[in-house]
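# Observations on chain architecture
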Amino acid sequence: MPSELEELVEFLHHGNSQIRQIACENLLGYSTTNPDIFKRQQLLPVRDLKLLVRDYAPIAKNAIIILVNLSHDEDVVSTLAEDDAFLETLLKKITETKESFSNELCMLLTNLSKSPSLDRLITLTRSTPLGNPPVSLSTNAVDQLMDCFVKEIPNKPAKDYDYLSYVFADLSRLEAGRKYFLTRQAYDDIVPITKLTVFTDEHRSHVRRKGVASTLKNVCFEASVHKFLLSESGANILPYVLLPLAGNEELSDEDTEGMLPDLQLLPPDKERDSDPDILVTHLETLLLLTTGRQGRDIMRRAKIYPIIRDCHLHVEDENVREACDRLVQVLLRDEADDGVSKEAARDQAGTQEEDEDEKIVEVF
């Protein structure tokens, strides 16, 4: 005889919408405390939940949350991520502005982006989103997600799209993903990475700051584009990487002479990013940018040392201080010495950002 819980799961595909809604509401808590109940009968409940994502809004939202909580399981992730029709459903709901639970949808897409099958997002094309005006005029799925992330959408809080930053971080681990972020897009004549830089400093969303920091670090593994990334006429990422590292410490005239304008006159209430992990990511980004002589020279001319010095002095975190030390050792080294090889700098900067890869979002 099936248990009461097993019988409740059966109601996910009941013909009566009120019964489906009650089933979803009552099963929500079990998605974290007893997730195996959703794997019975060769994942039949998961297949039911995929269909319920297109159901009435109260049912659809709970179905999405249950799937978010279940997507730490490889079998569940594979079932969801490899389904083209389900991926299209997610993209449609995320990019069309009428949906009221985009935040949960983006959480689910974030968890699915851990699957290699979601790499196809980079080249996936689909119809332009509906809307008046539409959120994006591009037919590329990743462009559409980027436009959702960066645009102010009427009647929708921007936080609804914060978790897309983790999707971008995952995609930027791939060579094709980094190429996308560094390539000017025909539909708006903008290089995608330049759309993200403004979110590094003092944005209210920790999720957004963390995901963007990881994406910036990952694109810096492409040493051939460091000149473009550092150039004021290119992506000009240097001030955006340095600002989160800067606090409200008063700098001497000697310190600020030659410093980037954005760093010279910081307000007295300027706050350094409060997350040591984000600070380490930015410091490792700077270290990656020192793999070439040109990058080291640009940083020296920009007088970044006082910013790194004060970060080391005022942040009581061993990992941050070690990252500061590694960067300073490279910048203060006499170029007449052996110098720093690309391989050494990359080793010191660590691997591509994988903290988000291991992090599965859950909703309680």
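Anyway, here's the lowdown on the structure attached to this text. For clarity, every value in this text was computed on a predicted model and none was experimentally measured. (Residues numbered from 1 in each chain as written. Predicted model: local features only at pLDDT ≥ 70, side-chain atom pairs only at ≥ 80, totals over all residues. Heavy atoms only, no water.)

## Points about the pattern of salt bridges
This structure, assessed with the given rule, holds 24 salt bridges. R178 is the partner of E222 in a salt bridge, and the nearest nitrogen-oxygen pair spans 2.8 Å. Here the residue E222 occupies a position in the loop between α13 (206-219) and α14 (226-230), and R178 occupies one in helix α11 (residues 175-181), the gap between them amounting to 44 residues. Since its relative accessible area comes to 8%, R178 is described here as buried. (Salt bridge = Lys/Arg side-chain N within 4 Å of Asp/Glu carboxyl O. Helix = DSSP H or I, 4+ residues; strand = E, 2+ residues; numbered from the N terminus. Buried < 20%, exposed > 50% of the residue type's maximum accessible area, 1.4 Å probe, protein only.)

## What about the nonpolar core?
Here is a general trend for soluble globular proteins: nonpolar side chains tend to be buried in one another's company. The biggest cluster of nonpolar side chains holds 104 residues, and the ones touching the most others in it are L109, L164 and I308. For this core, the leading source of residues is helix α5 (residues 57-70), giving eight residues. For L109, the residues in contact, after removing those within four places along its chain, are L87, L90, L91, I94, L118, L121, L145, L164 and V167. (Core = buried A, V, L, I, M, F, W, Y, C linked by side-chain atoms within 4.5 Å. Contact = heavy atoms within 4.5 Å.)

## Description of helix α6 (residues 74-81)
Within α6, burial applies to V76, V77, L80 and A81. Buried residues of α6 fall within an arc of 115° about the axis and therefore sit on the same side. Where α6 is buried, its residues touch α4 (40-52), α5, α7 (84-95) and α8 (102-112). (Arc of directions from axis to C-beta.)

## Some details on the environment of A302
Tracing the backbone through its elements, the reader meets A302 in the loop between α19 (293-301) and α20 (305-314). Here the alpha-carbon distance between A302 and M259, two residues 43 residues apart in the chain, equals 4.8 Å. Once residues within four sequence positions are removed from consideration, A302 is found in contact with L238, G258, M259 and L260.

## Let's talk about the side chain of N218
Here N218 shows up in helix α13. Residue classification places N218 among the buried residues on the basis of a relative accessible area of 0%. A polar atom in the side chain of N218 sits 3.2 Å from the backbone oxygen of A169. (Polar contact = N/O pair within 3.5 Å; in protein donor to acceptor, adjacent residues only side chain to side chain.)

## Notes on the side chain of D73
Tracing the backbone through its elements, the reader meets D73 in the loop between α5 and α6. The class of D73 is buried, set by a relative accessible area of 17%. A polar contact is formed between the side chain of D73 and the backbone nitrogen of V76, at a distance of 3.1 Å.

## What about the state of the cysteines?
In a disulfide, the sulfur atoms of two cysteines are covalently bonded to one another. Per the stated rule, a full pass over the model turns up zero disulfides. With no disulfide of its own, C106 lies 7.3 Å from the sulfur of C148, the closest cysteine sulfur. C311 takes part in no disulfide bond, and the closest cysteine sulfur, belonging to C324, lies 4.1 Å away. (Disulfide = S-S within 2.5 Å.)

## Overview of the packing of helix α18 (residues 276-288) against helix α21 (residues 318-332)
Relative orientation of the contacting elements α18 and α21 amounts to 15°, with a least axis distance of 9 Å. Relative to α21, the element α18 lies roughly parallel. Two packed elements cross with a definite hand, and for α18 against α21 that hand is left-handed. Contact with α18, carried on its side by P276, L279, V280, L283, E284, L286 and L287, involves N319, V320, A323, C324, R326, L327 and V330 of α21 and no other residues of that element. Of the residues assigned to the contact of α18 with α21, the class counts are eleven nonpolar, one polar and two charged. (Axes fitted to C-alpha atoms, helices over the stretch in contact; angles between N-to-C directions. Parallel < 35°, antiparallel > 145°, perpendicular 65-115°, else oblique. Left-handed = near helix turned anticlockwise from the far one by under 90°. Nonpolar A, V, L, I, M, F, W, Y, C, P; charged D, E, K, R; others polar.)

## Topic: the packing of aromatic side chains
Pairs of aromatic rings are described using the distance from one ring centre to the other and the angle between the two planes. The full count for this structure, using the stated rule, is five aromatic pairs. A centroid spacing of 5.3 Å and a plane angle of 70° characterise the contact between F149 and F199, whose relative ring orientation is edge-to-face. Of this pair, F149 sits in helix α9 (residues 141-150) while F199 is found in the loop between α12 (193-196) and α13, placing the two residues 50 residues apart along the sequence. With respect to class, F149 is no different from F199; both count as buried. With centroids separated by 6.0 Å and ring planes inclined at 75°, the aromatic side chains of F168 and F181 adopt a geometry described as edge-to-face. Here F168, found in helix α10 (residues 164-171), pairs with F181, found in helix α11; they are 13 residues apart in sequence, far enough to count as distant. Accessibility classification places F168 together with F181 in one group, the buried group. Directly above the ring of F149 sits R208, whose terminal nitrogen or CZ lies 3.7 Å from the centroid. Taking NZ or CZ as reference, R208 lies 4.7 Å from the ring centre of F199, over its face. (Phe/Tyr/Trp six-rings, centres within 6.5 Å; stacked < 30°, edge-to-face > 60°. Lys NZ or Arg CZ within 6 Å of the ring centre and 35° of its normal.)

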